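Now for the letters of each chain:
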Amino acid sequence: MEQISKAPNLVASTSDIYCCSIADSKIRESKLQDVQSLEQDVTPSGAVNDEELETNYFKSAQWSPDGTSLLASNADNTIRTFILPPTLLQSPSPITLTPYTMHTHPTPINCLASYPLFTLSDPTTTLYLSTGNDLPIRLTNALSPVPTPISSYPLISPTTEAYYAPSSLLWSSPSHFLAGTDCLIALFDVSRNGEGPVSRMRTIPSKRHKMKGGGVGMRGIVSALSMQPSENEDAGMLAAGTWTRWVGLYDMGGMGGTVATWSIAEAADKDAGVGGTGITQTAWSLCGKYLFVIERQSRGVLVYDVRVTGKLVSWLEGREAETSQRLGVDVFEAEKGTEIWAGGQDGVVRVWENIGMTEGAQERSWEWRAHDDPVTSAILHSSGTVVATCSGQRSFPSLRGDGSDSDSESDTSSHSSTAPSPTPDNRIKVWSL
C-alpha cells in the first residue's frame, strides 16, 4: 500500500556522546560535564577491560509518568535520567541532551520501571525500580546524585537460596509492584524494605512434575507483564508473557485466579506468518478489549480480542524486528483510534493506525528513518506531539562493519542480525510531530 509521508522534526538528541565504546563515552561525558576527576579515572591506560570496549548502546528508554524526563538504560549498566527543558519545542535548532543523574549498577540491568506517581516537582516521588543479576530489586530516587537505593526487595529461591533475576517488572499500584521470573509472578509491598514478596503466584502447579505442571498453566520465564486498563476501582486483568511463547491472563491484577492461558506459536508462525522466538512485551488498548503481543525475532505484532480466549483478530506486518535484542513497542490512543509505534532493526520507526478496526493482516500507515542502528525504543509523549527514540546494538567499535553476530538466550546480551554501520548510532533523539 502507498505510505503517507510524515517527517517528524528533530528537536533534541544526545549527539555523539555515546556513539563509541563504553570507555570512550565516559570520557566524553566527563568532558561535557566538566568533571576532571572522572576523566582521569576513565582515561584508557591499559587497564580497560573487554566489556568497556563494547559500544555503549541504549537498551531502552521510557518517559516519566509526568512527561518531564526520560529514563534510559545503557550497556554500561547505567541508568541515566534526562530532564527535558520546558522550551524544548521553541529552540531554533536541536539541543544536546545531557544526563541530570547517572546511576551505575554492579551488574547488567534487566528491567526498569518508573514510579507511577513520578512528579519532577516533588522529589519524594521521582523513583524507579530496577533489577540486576544476583541482586535484590532496587528502588532508587532518579534525582539522587548517588546510585544508593532507598529500598531493596529480595526475590530468593526457597530451595537454593539464590537470587532470582526478574525478567519483567510492573507497578500494579503506587504501593505494590509485580516481578516476573521462572514460572513465578511475585507481588511486593513497597513499604516493606528488605523483605521478600507478600504473595507468590506460580504459573504452573509444580516445577518438579515430569511434565512441568502436567499440562496446566504456562511454563517458562515470565518476560512480559502489563495491566488491563480499568474504568472502576477494581484492578483489571494481568497479561503475562513468557520466553516459551505462552500468554496468561490473571484476575484481580494478577493475584486472583487464572482466566486463561494459551500458546501463540501457531498463530504467529502459521496464521500470521510473522514468526517469533519469545515474548518480550505485552500491551493493552485503552478500552481493554485488545491485547498486543510482541516477540523477538518477529516481523510483526499480534492483536488478540480478550473477550474470546486466544482469538487472533489481526496482526501488524512489516515490523522488521528479526533480532534477539529487545525492540520496544508503544501504544497510543489517538482521536481516531489506537496506534502502535515500533522501531525496527533497520533504524526505521513504523506506525500502524486504527488498530482493531479491521481483521487479518494490517500494513503500516507511515514510517520514517530515525537511526542508523536498531531502534530499541520508540515512545510517544502523553501529549501526542513529541516522540522519543533510542538506538544501538551490542558490538565492538573496532569490529563494526564485518557483520559479526551471535545469539543469546538473554535479551541483555543479544545482538542484532543487521550489519552495523562503521560508526555506532547510540543516541536518544526527541522529535516533534
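Above this text sits the structure in question.
Residues numbered from 1 in each chain as written. Predicted model: local features only at pLDDT ≥ 70, side-chain atom pairs only at ≥ 80, totals over all residues. Heavy atoms only, no water.

Q: Help me understand the pattern of salt bridges, please; the structure alone is not making it clear to me.
A: Pairs can form between side chains of opposite charge once their charged atoms are near each other. The full count for this structure, using the stated rule, is 14 salt bridges. Glu363 serves as the salt-bridge partner of Arg364, at 3.9 Å between the closest nitrogen and oxygen. Look at Arg364 and you get buried, because its relative accessible area is 18%. We classify Glu363 as partly exposed; its relative accessible area is 33%. Where salt bridges share partners, they join Asp346, Arg350, Glu363, Arg364 and Glu367 into one cluster. (Salt bridge = Lys/Arg side-chain N within 4 Å of Asp/Glu carboxyl O. Buried < 20%, exposed > 50% of the residue type's maximum accessible area, 1.4 Å probe, protein only.)

Q: Honestly, the sheet that holds strand E6 (residues 101-104) in this entry has me stumped. Any pointers?
A: The pairing of strands in a sheet comes from backbone hydrogen bonds and takes either a parallel or an antiparallel form. The four strands are arranged E2-E3-E4-E6 in an open sheet whose pairing can be described as antiparallel. In this open sheet, the two strands that pair with only one neighbour each are strand E2 (58-63) and E6. Direction aside, neighbouring strands of the sheet carry axes that sit 15° apart on average. With five bridges joining them, strand E3 (residues 69-74) and strand E4 (residues 78-83) adopt antiparallel strand pairing. For Ser73, the partnering residue across the bridge sits in E4 and is Ile79. (Pairing = 2+ DSSP bridges. Helix = DSSP H or I, 4+ residues; strand = E, 2+ residues; numbered from the N terminus. Axes fitted to C-alpha atoms, helices over the stretch in contact; angles between N-to-C directions.)

Q: Help me understand helix H1 (residues 22-33) in this model?
A: The α-helix advances 3.6 residues per turn, and as a result positions three or four apart in sequence lie on the same side. When the terminal C-alpha atoms of H1 are compared, their 17 Å separation across 12 residues agrees well with the 16 Å that a helix rising 1.5 Å per residue should span. Those residues of H1 lying buried are Ile22, Ala23, Ser25, Ile27, Glu29 and Ser30. (Expected span 1.5 Å × (residues − 1).)

Q: How should I be thinking about the sheet that holds strand E1 (residues 9-13) in this particular structure?
A: One open sheet accounts for five strands, arranged E5-E1-E30-E29-E28; its pairing is mixed. Where the open sheet ends on each side, the last strands, each with one partner, are strand E5 (95-96) and strand E28 (375-380).

Q: Sorry if this is basic, but what is going on with empty space enclosed by the protein here?
A: Over the atoms a probe the size of a water molecule is rolled, and this reveals where empty space is left. Tallied over the full model, the rule gives one cavity of 30 Å³ or more. Considered as a void within the structure, the largest cavity measures approximately 40 Å³ in volume. If you go around the largest cavity, the residues you meet are His105, Thr107, Pro108, Ile109, Thr131, Gly132, Leu135, Pro136 and Arg138. (1 Å grid on protein atoms, 1.4 Å probe; cavity = no way out; pocket = protein on both sides within 12 Å on 5 of 7 lines; lining within 4 Å. Points joined across faces, edges and corners; volume = space filled by probe spheres on them.)

Q: Got a minute to help me understand the pairing of strand E8 (residues 127-132) in this structure?
A: Regular strands show a simple pattern: their side chains alternate between the two faces of the sheet. Of all six residues in E8, six are buried, a share of seventy percent or more. Every second residue of E8 is oriented toward a common face, with Leu127, Leu129 and Thr131 on one face and Tyr128, Ser130 and Gly132 on the other, all of them buried. Alignment of E8 against strand E9 (residues 137-141), held across four bridges, turns out to be antiparallel. Within the sheet, the bridge partner assigned to Leu127 lies in E9 and is Asn141. Between E8 and E9, which pair antiparallel one after the other, the connecting turn spans four residues, and Asp134 there sits at a positive phi close to 60°.

Q: Explain the packing of aromatic side chains here, please?
A: The geometry of two aromatic rings is summed up by the distance between their centres and the angle between their planes. One pass over the structure, following the stated rule, counts 11 aromatic pairs. A connected cluster of aromatic rings, assembled from ring pairs, spans Tyr115, Tyr153, Trp171, Phe177 and Phe188. The cationic tip of Arg296 hangs over the ring face of Trp243; the distance from NZ or CZ to the ring centre is 4.0 Å. Positioned above the aromatic ring of Tyr290, the side-chain terminus of Arg307 is 6.0 Å from the ring centre. (Phe/Tyr/Trp six-rings, centres within 6.5 Å; stacked < 30°, edge-to-face > 60°. Lys NZ or Arg CZ within 6 Å of the ring centre and 35° of its normal.)

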